[in-house]
Structure formats: C-alpha cells, structure tokens
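What follows is the residue order along each chain.
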Amino acid sequence: MEIGTLRQRITLQEHRTVVDEVGNHNSSWADFFSCFAYVNLASGKEYGVIPVTGEEQTLVFILRWCRKLKELNSREYRIMFEEEVYNILCVDDVQFLHKKLKLTAKKEPRG
C-alpha cells in the first residue's frame, strides 16, 4: 500500500452508554481514533418520488492496520468523514496480514 494514497482524514467513533447520577442510561458517541485513509465510492443510488429525492452512498475506507484497531467492529463503531456519519457494514483485515483494513460503510441519512 502506498502511503501517498491515504489522503482523506477520518475519525472513528465508539458508541458508549453512560449512566448519570440518577441512574439514567444515556447513549453517546466519542472520538476513538483519527487517521488518514483512502476513500472511494463503492456504490450509490437515488431513491424517492419527485420532488423529494434521497441519496444512498456506500464508501470504502482503506487504512493502515494498527493494534488499536484490532477490536474494531460494525456494532460499536462508526466513521465521521467530511462532517457526515457513515455506519460501518463490514470490517475486513485484508488477507489477515495485519497491514491494512478495508471498511465498507453506508452514509447515515440526516433530517
């Protein structure tokens, strides 16, 4: 993998449940790890009825493997990229070589 292709800054966020002083469980996302990644469109489509049209984007994020990312999974983590939220669909340690991770993620609709 050429380092020069890792041009886009991404932030991985971890889901946490916090219990307040009264005992209420609050769900929140906290920044976990930030790095540079290669980002490419995996698929995209438009849906809806005119005049309202939605967009669905699936991106592939390729980043260098490191020990901190060993426990990364699609249930407890998500990606922030260009101020958009992407839910991780698949985490792939390419050929199990611990050299690069391939994350497939779908853009979370807003509004």
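Here goes a summary of the coordinates provided. This is a predicted model, so every value here is computed, not measured.

1. Some words on the side chain of Asn 73
(1) Moving on: With respect to the secondary-structure elements, Asn 73 resides in the loop between β3 (52-64) and β4 (77-81).
(2) Moving on: Among the polar contacts listed, one links the side chain of Asn 73 to the backbone nitrogen of Arg 75, at a separation of 2.9 Å.
(3) Moving on: There is a polar contact of 2.8 Å between the side chain of Asn 73 and the backbone nitrogen of Glu 76.

2. As for the pattern of salt bridges
(1) Moving on: Per the stated rule, a full pass over the model turns up one salt bridge.
(2) Moving on: Ionic pairing is found between Arg 16 and Glu 14, a salt bridge with its closest N-O pair at 3.2 Å.
(3) Moving on: Relative accessible area serves as the criterion here: at 38%, Arg 16 is assigned to the partly exposed category.

3. Some details on the environment of Ala 42
(1) Moving on: Mapped onto the elements, Ala 42 comes out in strand β2 (residues 25-49).
(2) Moving on: Judged by relative accessible area, which is 45%, Ala 42 ranks as partly exposed.
(3) Moving on: On a C-alpha basis, the gap between Ala 42 and Gln 57 in space is 7.8 Å, while along the polypeptide they are 15 residues apart.
(4) Moving on: In contact with Ala 42, other than residues within four places in its own chain, are Thr 58, Leu 59 and Val 60.

4. What to know about unusual backbone geometry
(1) Moving on: Residue Glu 82 is not a glycine yet carries a positive backbone phi of 50°.
(2) Moving on: You can see Glu 82 is positioned in the loop between β4 and β5 (84-93).
(3) Moving on: Here Glu 82 falls in the exposed class, since its relative accessible area comes to 59%.

5. Observations concerning the pairing of β5
(1) Moving on: Relative to β5, β4 runs antiparallel, the two being bridged by four bridges. By the bridge assignment for β5, Ile 79 is matched with Tyr 86.
(2) Moving on: Following β4, the chain reverses through two residues before pairing antiparallel with β5; Glu 82 in that reversal takes a positive phi of roughly 50°.
(3) Moving on: Bridge count between β5 and strand β6 (residues 100-107): seven bridges; the pairing is antiparallel. Its bridge partner being in β6, Asp 93 is matched across the sheet by Leu 101.
(4) Moving on: Between β5 and β6, which pair antiparallel one after the other, the connecting turn spans six residues, and Gln 95 there sits at a positive phi close to 55°.

Calculation criteria
- Residues numbered from 1 in each chain as written.
- Predicted model: local features only at pLDDT ≥ 70, side-chain atom pairs only at ≥ 80, totals over all residues.
- Heavy atoms only, no water.
- Helix = DSSP H or I, 4+ residues; strand = E, 2+ residues; numbered from the N terminus.
- Polar contact = N/O pair within 3.5 Å; in protein donor to acceptor, adjacent residues only side chain to side chain.
- Salt bridge = Lys/Arg side-chain N within 4 Å of Asp/Glu carboxyl O.
- Buried < 20%, exposed > 50% of the residue type's maximum accessible area, 1.4 Å probe, protein only.
- Contact = heavy atoms within 4.5 Å.
- Pairing = 2+ DSSP bridges.

From the geometry alone we can't say anything about function, so treat these as descriptive.
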